[in-house]
Amino acid sequence: MHSGGLGAPQSTAAANGGSGAAPLNASSTTNDLSQVLEALQAIYDPASSNDTRRQASEYLEQAKQHPEAPSHGHTLALNKSQPAQLRHYGLSMLEHSIKYKWEDFTVDEGEILRNCVVELAQNVAEEDPVYLRNKIAQLWTEVAKRSWASEWMNMDQQLRELWQNSLHHQAVVLYILETLSEEVFNREDTTAGLRGSELGRACVEIFTPTHVLAEHLPSRDKSLGVRWGDEGWLKMLCDNLDWCLAQDYQNDERVRSIGVRTMNTLRAAMSWVIPKAIVAVKVIEHVCRALAAPVVALQQASIEVLQSVYSRHHLHDDEFIELVCPMFTTESVQLLRGIYSWTLEDMNVNDLNEQKYTLCKKLSELANNLGIYIEQKPQHIPAGSDLPGILGLLYEILRNPSLVVSIPTLHCWSKLLRSRVIRDSAVVTQMVGGLLEICCSRLVRYEAFPDDSEDVTVLFLNEDIDTTPERHAFLGNYRRFCVEVIDVLVRRTPVEAMEHILSQATNTFQNLYVDYPPFQPQNFSKQSAPVLRVDAQVTVIDAALKGYMKWLSNQGADPSEEDRMRNAMEDSFEQWCRQILQARFEDPEIGKKVIQLMSTFATKALPNRPAFALTFLEHMLTVKLADNEAFPQYSEAVKDLERVCSLEMQKLAMKFPDDFMNVYDSLERKVDELNASPTTDDRQRMAFSAFLFIIIHRSTTLDRDTQEARLKQMLNRVKDAWRTDDFTSSISSFSSFCGLIGMQNLPDFLSEHNFQNVNDWSAQSLDSEGQAMQANILERSQHLPLRLTKTLLAASIEKLGDGTPAYELAAVLWAEAIPVILPNILQLVSHAQAFNNIETNWAHLPPQLQQVIQRVLTDRFWQAGISNESRDDFFARVNSSKTTYEGFASTVRGTVRQIRESSYYILYSLTRFRDFFYGISDLPGPLSQALFGNAHALSSHHLSVLLSISTHLIEGCPAALRPQFLPQVVEGLFRELGRKITSEWDMINQQVTQSGENDNLTDEMKSESILRQLTYSSVSLVAVMLDARQEFARQDGPAQKDAPMCEFVLDTSSVLEPILMFCNSTIRVRDTRSVIVVLRVLRSLMPRFRDKSPIRDFFCDLILKSAITSLHEPYFVDCQKDLASLIAAIIQLDEEMPRSIILSLPGMADVNRVDRRLAKLRSANRNDDRFQRSVVLDLLSSVRGVSIHEQGKIARAPPKKKTAFQEQYMSVDQPPTIQRGTSPGLEGVAGMFEDA
């Protein structure tokens, strides 16, 4: 088509209100229709140019604005001789008039337009395409939302008349009823929200039988005048379903389709229709008849109706009996079990019947809901109900090889078993062994299986879950529910359950290599089959021990008998543990898991068995696997085993300090002997020091003077290391700091070795000079006092509550060291962050060398679900590159990162001594400068670690010292967070806009994932600081009696203002989860700022503008509810500022229209959130001529195949799993913050 032939129709429509809408009549011209058809053909013609398509689209959009558009559209849509796409466009002309010009029509014009839609519905024909019929039904719904139960009073009668015509007319009626139900009650529809109360009452009126209304809603408004007849649509739908089932539905597609549509309409109504109406028309019985029909589509639709009923919250006891208990009759249970068995017939994962498999998953979800009701109301289930049958069904589904099918019933069992009535019933008693067996067998880490595994469970997982993060999240949830079931079963029968579990474990340990070759270091893998088997067994025993500990804590009626049982079980545990300790495990990964398990037994299950603790301690001091650096992964695992032994020794010392004190001299001799060994490294020596420190510190038998003298002697090493003149001098400037860690000649070295011209650093080997420099950097970093300080601090505060004697002693001892440590550690932090600041400290270098420095500072890391290689392959690649250019770069950045993060941990630990730390009057300024002066130069991941320590600094501050300490720290933190997060999101948005096919999308995805986590962690801190409901909860002692943090923040403008500035910028970032948190926090603050103030003006100006801007971007469609709620709250805060801003927006020239909406909003019930949101969305819907909610619909991704029920088990809200490549012994301390 020649684009020049498209002339825009002349438009005389009045803009934004008034009575300028043209009268509706049947006038139309052949020329108009031919041009519209020509434009449509141009759009669909593959030969059309983009410019032609654009012009054609513009013409068609302009045609919708034409004064005669409704008339043209009606004529086009009615004319069955026209092509279907032209008729559909005619309907879209009508739709535009209804949606965007309805307010401009007079009552008479609205009636004419409504009659046009009714006429179109009356004239649908069977040969019309389904999409045309659905579009007509959609138009009917749009008109109904605007005028039904107001001007349009006979809609119910007209629907009834349509219903009598034909099956395709019934389909139109069903579409209308389903859509009305969804949009009035279940969806966030703006138009329906504006008339929610009227439409809701009208729906109840026409769906519910008259006698039910009279009996159960006698005081309702009887003057609505909207219903036709007494039976109501609920009864008519059930009757229609019965009619369909009486026809040849298996062979007649039309009947089958109407049956499914009928149940879809029932499903939409089940969430809101009054329960007594469901009972009165026997919906459950009708739907169960459809469930028995051997057609999968009907069965799926039936289950969805039942799910809609049983997903309702707070059913009363009588409603439970009438609605839920019919599913527990023998007939219903046999029906459900029969359908489940039928679905299993085609459950071959290599040749899956998708329809029946989907039905199986839906049936499992239904069984879950029924099981939850049994747990909630067992006493109300009538006698004669087939409870053994329904519990048997839950058990059968649990055993399904597909974990996606199994997990709803597993979740259900984890709840059912909490009920003593259910747990102790005869039928469940018979299932206990099977339940325990299933849950134990499924604690294996399926995500570690190879991609080509033929394990049927793994094959189903691959079939059901597309992405690795979702698979990991799903399996984590599955294991959690298994652990809960094991926990409860052990509590129920501790002796028998523990005996069975430990017997299984013994068998596993004795037969680890029956089907596999003996262990060889060169074949080491953290995910070998023997390792996975041990891992599963250890997880089972850990879960069982949790149940055992809970059983111990709940003493029954016969304490003496339970003491006897406890002693017998402890004897059994100790005997089993001693037997395991006699075995030798050559695989260091298995050895590590065994050590951790033994520690759990010693410290939790055997706290009164010091003899075993000493035996276990001796085992850890003597166990030694030969290292072999020729096999890097094996060598690293051996070192990891040694680290775990050191850690578990310290845990033992915390649990048995007095018992170990009795043999302290011999322990000290053994430690001295180990320290003298050339194979013991500095890390182990310091761990041994911490072990001895803990024994002395936690002992209650040592006299205070001796105890204090010994501890002071140990801590003097720390003070001496920090206050030497040489050390102070070596960190006095950035250049001297570089010299301290052996990097004073780094730029020269990089330049001389031509780093700038080598593309693949991991392929270029280091020469002897490079390896010598690398070794020197590592050596010098070991001489810093960081590790010693960190180790003894951890020994001083780990697992100690504030106020305990040991804590008070530690506070007194460290009070002397704090003033010595702080000046130099702040210098270290400052320099370690400045190292990443190219602009300040490397600006003197040539640009090419600056780029090399930037690359040196760029971490390598592995991230679950994004990295292309496995975690083990990543670490193997990192370890294999130690003596390459990349390995050298890793040493440089790893050393600086370790200095930075170890310093963070020390600062965090010092906050435990509260007033001794926070009471230093001149600390906040230097601390803020050290932490945040160069923070903008850090990567998002490194800034996340800084955010973690900053959170601890803020939360630990005593209330009395907040005015002195917090303002400078909070201002610095949120200044840098806002700066970093905004700039990084801008950069990512730009990359997305400019990205090409060959770009490295994996790196971009990793960067974006880390930035999302940083953003969310930041807004979570905001929520805690501004919302009293989310107050800090420290895990290291009794709750402090301090005043809520939010009260201080909200009353202190110097603290509040930087936080609000950060919130304003965060409203615009492209992370839905974070934006929603910020919006809800901001809205919660509204009541505090009703009086005129700078803060209120900030809300009414900048925050309002940001919220409106985000509201009009398609990306933020999932935030629309919260954005609209915030905007509504701001508009109600002030009359003038929001109004002037809104009037300045494009498309807001009609002052009267704006004022009418604002008045409606200000007069609204403040508790009616939906109505307020609807007014805002309606008010702003035509900014730039595009409806906000329409934008969102256009931008939405296609629906996923998972149901919402399934997605709850696959949510990936937890922080992403990130592993960095590091040099030996230079891992970060970010993980410690989680435990602190």
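About the cut-offs
Each chain has its residues counted from 1, following the order in which its sequence is written. Local features in this predicted model are restricted to residues whose pLDDT is 70 or higher, and side-chain atom pairs enter the listing and the counts only when it is 80 or higher, whereas totals over whole chains, interfaces and linings include all residues. Each side-chain value is worked out from all heavy atoms of the structure, with water and hydrogens disregarded. Secondary structure elements follow DSSP: runs of H or I no shorter than four residues count as helices, runs of E no shorter than two count as strands, and numbering proceeds from the N terminus. The contact criterion used is simple: two residues touch if any of their non-hydrogen atoms lie within 4.5 Å. Expected helix span is taken as 1.5 Å per residue step, with the number of steps being one fewer than the number of residues. For every residue, the accessible area obtained with a 1.4 Å probe (protein chains only) is divided by the maximum for its type, and the residue is called buried under 20%, exposed over 50%, and partly exposed between those limits. Helix axes use the C-alpha atoms of the stretch in contact, all axes being lines fitted to C-alpha atoms, and the angles between their N-to-C directions lie in the range 0 to 180 degrees. Helix crossings get a hand from a simple test, with the near helix turned counterclockwise from the far one by less than a right angle marking a left-handed crossing and a clockwise turn marking a right-handed one. Asp, Glu, Lys and Arg are counted as charged, while Ala, Val, Leu, Ile, Met, Phe, Trp, Tyr, Cys and Pro are counted as nonpolar; the rest, among them Gly, fall into the polar class. Residues belong to a common nonpolar core when they are buried Ala, Val, Leu, Ile, Met, Phe, Trp, Tyr or Cys residues joined through side-chain atoms within 4.5 Å. Where each domain begins and ends follows an automated or database-derived domain assignment. Here pLDDT means the predictor's own confidence in every residue, given as a number from 0 to 100. Stacked, tilted and edge-to-face are the three classes applied to pairs of Phe, Tyr and Trp rings, where Trp contributes its six-membered ring and a pair requires centres within 6.5 Å; stacked means planes under 30 degrees apart, edge-to-face means over 60, and tilted covers the rest. By definition, being over a ring means that NZ of Lys or CZ of Arg is both within 6 Å of the ring centre and within 35 degrees of the ring normal. A pair is scored as a salt bridge if a Lys or Arg side-chain nitrogen falls within 4 Å of a carboxyl oxygen belonging to Asp or Glu. Excluding any residue in a salt bridge, patches collect residues exceeding 30% relative accessible area, merging like charges within 9 Å and nonpolar Val, Leu, Ile, Met, Phe, Trp and Tyr side chains within 5 Å. Using a 1.4 Å probe, accessible areas were evaluated by the Shrake-Rupley method; residue-level cover was limited to the displayed protein chains. By the counting rule applied here, Lys and Arg register as positive and Asp and Glu as negative, while His and the ends of each chain are not counted. In this description, the location of a charge corresponds to atom NZ of lysine, CZ of arginine, CG of aspartate or CD of glutamate.

Student: Just checking my understanding: could you explain the overall build of the chain for this structure?
Tutor: Check the secondary structure of the chain and you find 61 helices and 2 strands. By sequence separation, contacts in the chain at least 24 residues apart represent 77% of the contacts at least 6 residues apart.

Student: Even after reading the chapter, I still don't get helix α53 (residues 1072-1085), so can you show me in this structure?
Tutor: Each turn of an α-helix holds 3.6 residues, which means side chains three or four residues apart point in the same direction. An ideal rise of 1.5 Å per residue puts 20 Å on 14 residues; α53 measures up with 20 Å between its terminal C-alpha atoms. Those residues of α53 not exposed but buried are Ser1074, Val1075, Ile1076, Val1077, Val1078, Leu1079, Val1081, Leu1082 and Leu1085.

Student: Can you help me understand unusual backbone geometry in this one?
Tutor: Here the phi dihedral of Ala149 falls at roughly 70 degrees; this positive angle occurs in a residue that is not glycine. As for its placement among the helices and strands, Ala149 is situated in the loop between α6 (130-147) and α7 (155-163). Phi at His314 takes a positive value of approximately 60 degrees, unusual for a residue other than glycine. Assignment of secondary structure puts His314 in the loop between α16 (296-310) and α17 (317-324).

Student: Help me out: how do you make sense of the packing of helix α5 (residues 107-122) against α6 in this one?
Tutor: In contact at an axis separation of 9 Å, α5 and α6 are set at 150 degrees when each is read in the N-to-C sense. The crossing of α5 and α6 is left-handed. Contacts between α5 and α6 pair Arg114, Val117, Val118, Leu120 and Ala121 from the former with Ile136, Leu139, Trp140, Val143 and Ser147 from the latter. In terms of residue class, the contact of α5 with α6 is made up of 8 nonpolar, 1 polar and 1 charged.

Student: In this structure, what is going on with the nonpolar core? I would like to understand it.
Tutor: Note that soluble globular proteins tend to have their nonpolar side chains buried in a common cluster. Membership of the largest hydrophobic core comes to 391 residues, with the highest contact counts inside it found for Trp148, Trp413, Ile486, Trp576, Met598, Phe601 and Phe835. Counting residues per element, this core draws most heavily on helix α41 (residues 805-834), at 18 residues. Each of domain 1 (493-514 + 525-702) and domain 2 (1091-1187) gives at least three residues to this core. Not counting the four nearest positions on each side in its chain, Phe601 is found in contact with Leu502, Ile541, Leu545, Phe573, Trp576, Cys577 and Leu606. Leu37, Ala56, Leu60 and Ala63 belong to the second largest nonpolar core, which has 14 residues in total.

Student: Teacher, can you tell me more about the confidence of the model for the chain here?
Tutor: When pLDDT is averaged along the chain, the result is 87, and 89% of the positions lie at 70 or above. Low confidence marks residues 1184-1200, where pLDDT is under 50. Its contacts with residues over four positions away, or in another chain, come to 24 contacts. Note on residues 1213-1236: pLDDT under 50 across the span, and 77 contacts to partners over four residues away in sequence or across chains.

Student: Quick question: what am I supposed to make of the packing of aromatic side chains here?
Tutor: The geometry of an aromatic ring pair comes down to the distance between the two centres and the angle between the two planes. Throughout the structure, instances matching the rule amount to 40 aromatic pairs. Pairwise contacts between aromatic rings join Phe509, Tyr548, Trp551, Phe573, Trp576, Phe585 and Phe601 into one cluster. Arg160 extends its terminal NZ or CZ atom over the ring of Trp233, reaching a point 5.4 Å from the ring centre.

Student: Help me understand the pattern of salt bridges, please; the structure alone is not making it clear to me.
Tutor: Oppositely charged side chains can pair when the atoms bearing their charge come close. Summed over all chains, the structure comprises 84 salt bridges. Here Lys80 ties to Asp128 by a salt bridge, and the two come within 3.2 Å at their closest N and O atoms. Highlighted residues: Lys80 in the loop between α3 (69-78) and α4 (84-101) and Asp128 in the loop between α5 and α6, separated in sequence by 48 residues. You can call Lys80 partly exposed: its relative accessible area is 39%. Of the residues examined, Asp128 reaches a relative accessible area of 6% and is grouped as buried. Notably, a salt bridge pairs Asp1071 with Arg1012, separated by 2.8 Å at the nearest N-O pair. Here Arg1012 lies in helix α50 (residues 1001-1026) and Asp1071 lies in the loop between α52 (1053-1066) and α53, a separation of 59 residues in the sequence.

Student: Just to check I follow, could you spell out the packing of α4 against α5 for this structure?
Tutor: For any two helices packed against each other, one specifies the crossing angle of their axes together with the interaxial distance. Between α4 and α5, the least distance of the axes is 11 Å, while the angle of their chain directions is 145 degrees. As α4 packs across α5, the resulting crossing turns out to be left-handed. Facing α4, whose interface residues are Leu91, Leu94 and Ile98, α5 presents Leu113, Val117 and Leu120. Class assignment for the residues of the contact of α4 with α5 results in 6 nonpolar, no polar and no charged.

Student: Can you help me understand a negative patch on the surface in this one?
Tutor: Residues Asp748, Glu752, Asp767 and Glu769 make up a contiguous surface patch of negative charge. With respect to the helices and strands, the residue Glu769 is situated in helix α39 (residues 768-782).

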